[in-house]
Amino acid sequence: MKKILQRDETFYESIINKGYSRRDFLKFATYMTAFMGLEHSMVGQLVKTMETKKRIPVIWEHFQECTGCSESFIKSDHPLVADVILDTISLDYTDTLMAAAGHNAEGAKQASMKENYGKYILVVEGAIPTKDGGVYCTIAGRTAVEILKESAAGAAAILAFGSCSAWGGVQAASPNPTGSVPVDAIIKDKPIIKVPGCPPISEVMTGVVLHYALFGSIPELDSEGRPKQFYGKRVHDSCYRRPYFDAGLYAESFDSEEAKKGYCLYKLGCRGPVTYNSCGTTGWNNGVSFPIKSGYPCIGCSENNFWDNGPFYERLENIPGMGIEATADKIGKIVLGAAAGGAAIHAVATNIFKKKEIDENIAMGEINEQNLNE
Ligand code: FSX
Ligand code: SF4
Ligand code: F3S
């Protein structure tokens, strides 16, 4: 109930009351402005919004899921990323994180939904099972379908957080025994922002909520319902192993010297070329790493149906949108045989040059992640 009593605070007051300094606050505003893809000149506006606007109530439902999304969120390395939702933006109900339980918890949710009808953001984590009357996920004796419909009715917008609520997730894998569906299969009359990833990146959720506070509207979405500023690029477009891909240098096995040296993981099944997410630019754990940097191919965890899209460790057949429409094998053949004309020859020459350059650098022990990013 403490959170409800504090709702009249502004974002800024909450942050300061929590013990952060003004400097921390300004650093956070600068960081989030950049992360949200806004011009640097917007920092002042974000600061003003957070200083003057009242917090936005958030109701956070958990359905069929592994709770990895919450884990990812609360473990965000930038302290204010999680705090801005958990403390600053009045999180009125989350059955996983709140201290209250049972009737107290459910009563607090009902009170908040009533008081903030039409104004709160509903976060949904997990898919919704529909088979057999929805019995495969019940909370406080009610099905996820019923709870979702009730919570969605008074929401200003719904944030489908994680691939389960955005697409159905692993529990929707064939033969989908519980009839799991994503939020937008049930709720049709509310703006739904999909923040996929299994789990998604914490900053994206905070960015969406701050965007809503700043502009009073949801961010621009792509045709799949994802915020463009975070899902506009493929993992492949910002991958630090990309020079190896372009040069036709692929690791053939996980334990090979090439894998350790940073060769491209395409032949080990990497889905980076068909996956839209910010992993390559933001990284995880405050940018420390992401799957590919840890030596593991991207499994496309933010894409619809990634769980049934063929075996994880088999190479993709086709790579769309590469300039040269071809599989990496074909690109490799072109490099070897120089059997193409026009634009392809230019690409070949570039690749051969890059390959030679990388080989030489490897031989000299000079290549490292920093100069690959340059
Ligand atoms: Fe799904 Fe989130 Fe994957 Fe897990 O709750 S997106 S299974 S990380 O946790 O919903
Ligand atoms: Fe990176 Fe994967 Fe693309 Fe290779 S295929 S460059 S490892 S995203
Ligand atoms: Fe997921 Fe691929 Fe990023 S597996 S975490 S989208 S690198």
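How each quantity is defined
- Residues numbered from 1 in each chain as written.
- Chains lettered and ligands numbered in written order.
- Predicted model: local features only at pLDDT ≥ 70, side-chain atom pairs only at ≥ 80, totals over all residues.
- Heavy atoms only, no water.
- Near = heavy atom within 4 Å.
- Nonpolar A, V, L, I, M, F, W, Y, C, P; charged D, E, K, R; others polar.
- Axes fitted to C-alpha atoms, helices over the stretch in contact; angles between N-to-C directions.
- Helix = DSSP H or I, 4+ residues; strand = E, 2+ residues; numbered from the N terminus.
- Parallel < 35°, antiparallel > 145°, perpendicular 65-115°, else oblique.
- Contact = heavy atoms within 4.5 Å.
- Salt bridge = Lys/Arg side-chain N within 4 Å of Asp/Glu carboxyl O.
- Buried < 20%, exposed > 50% of the residue type's maximum accessible area, 1.4 Å probe, protein only.
- Patch = residues over 30% accessible without salt bridge, like charges linked within 9 Å, V, L, I, M, F, W, Y side chains within 5 Å.
- Areas by Shrake-Rupley, 256 points an atom, 1.4 Å probe, with all protein chains shown as cover.
- Phe/Tyr/Trp six-rings, centres within 6.5 Å; stacked < 30°, edge-to-face > 60°.

**Student:** Lay out the site of ligand 2 with the relevant residues and their values.
**Tutor:** Taken together, His 236, Cys 239, Arg 241, Arg 242, Phe 245, Cys 264, Leu 265, Tyr 266, Cys 270, Gly 272, Pro 273 and Ile 292 make up all the residues around ligand 2. Classifying every residue of the shell around ligand 2 gives eight nonpolar, two polar and two charged.

**Student:** Please set out the packing of helix 4 (residues 43-52) against helix 10 (residues 202-215) residue by residue, giving values where relevant.
**Tutor:** Contact pair helix 4 / helix 10: the axes reach a minimum separation of 9 Å and the direction vectors enclose 85°. Regarding the angle of helix 4 to helix 10, the classification is roughly perpendicular. Where helix 4 approaches helix 10, its residues Gln 45, Leu 46, Thr 49 and Met 50 are matched on the opposing element by Leu 210, Ala 213 and Leu 214. Of the residues in the contact of helix 4 with helix 10, the class split is five nonpolar, two polar and no charged.

**Student:** Account for the site of ligand 3, naming residues and giving values.
**Tutor:** Taken together, Thr 275, Asn 277, Cys 279, Trp 284, Phe 290, Pro 291, Cys 298, Ile 299, Gly 300, Cys 301 and Ser 302 form the complete shell of residues around ligand 3. Looking at the shell around ligand 3, its residues break down into seven nonpolar, four polar and no charged.

**Student:** An account of the pattern of salt bridges is needed here, citing residue identities and associated values.
**Tutor:** Here the structure, examined in full by the defined rule, presents 12 salt bridges. As a salt-bridge pair, Arg 22 and Glu 51 come within 2.7 Å of each other at their nearest N and O atoms. Residue Arg 22 is located in helix 3 (residues 22-35), and its partner Glu 51 is located in helix 4; the two are separated by 29 residues in the primary sequence. Assessed through its relative accessible area of 35%, Arg 22 is described here as partly exposed. Here Lys 194 makes a salt bridge to Asp 184, at a shortest N to O gap of 2.8 Å. Highlighted residues: Lys 194 in strand 9 (residues 192-195) and Asp 184 in the loop between strand 8 (180-181) and strand 9, separated in sequence by 10 residues.

**Student:** How would you sum up a nonpolar patch on the surface? Please name residues and give values.
**Tutor:** On the surface, a nonpolar cluster with roughly 300 Å² of combined accessible area is contributed by Phe 254, Tyr 296 and Tyr 313. By the element assignment, Tyr 296 lies in the loop between helix 14 (279-282) and helix 15 (328-337).

**Student:** Break down the packing of aromatic side chains for me, citing the residues and quoting the values.
**Tutor:** Enumeration over the complete set of coordinates arrives at 14 aromatic pairs. Relative to Tyr 266, the ring of Phe 245 lies with its centre 6.1 Å away and its plane at 80°, an arrangement referred to as edge-to-face. Pair noted here: Phe 245 is in helix 12 (residues 242-246) and Tyr 266 is in the loop between helix 13 (257-261) and helix 14, with a separation of 21 residues, a long-range link. We note that Phe 245, like Tyr 266, is buried. When the ring of Phe 312 is compared with that of Tyr 313, the centres are 6.3 Å apart and the planes differ by 75°; the resulting orientation is edge-to-face.

**Student:** Describe the environment of Leu 159, with residues and values.
**Tutor:** Relative to the helices and strands, Leu 159 is located in strand 7 (residues 155-161). By relative accessible area, which is 1% here, Leu 159 ends up buried. Placed 33 residues apart in sequence, Leu 159 and Ile 192 show a C-alpha to C-alpha distance of 5.9 Å. The residues contacting Leu 159, other than those within four sequence positions of it, are Ile 121, Leu 122, Val 123, Val 124, Ile 193, Val 195, Met 205, Val 208 and Val 209.

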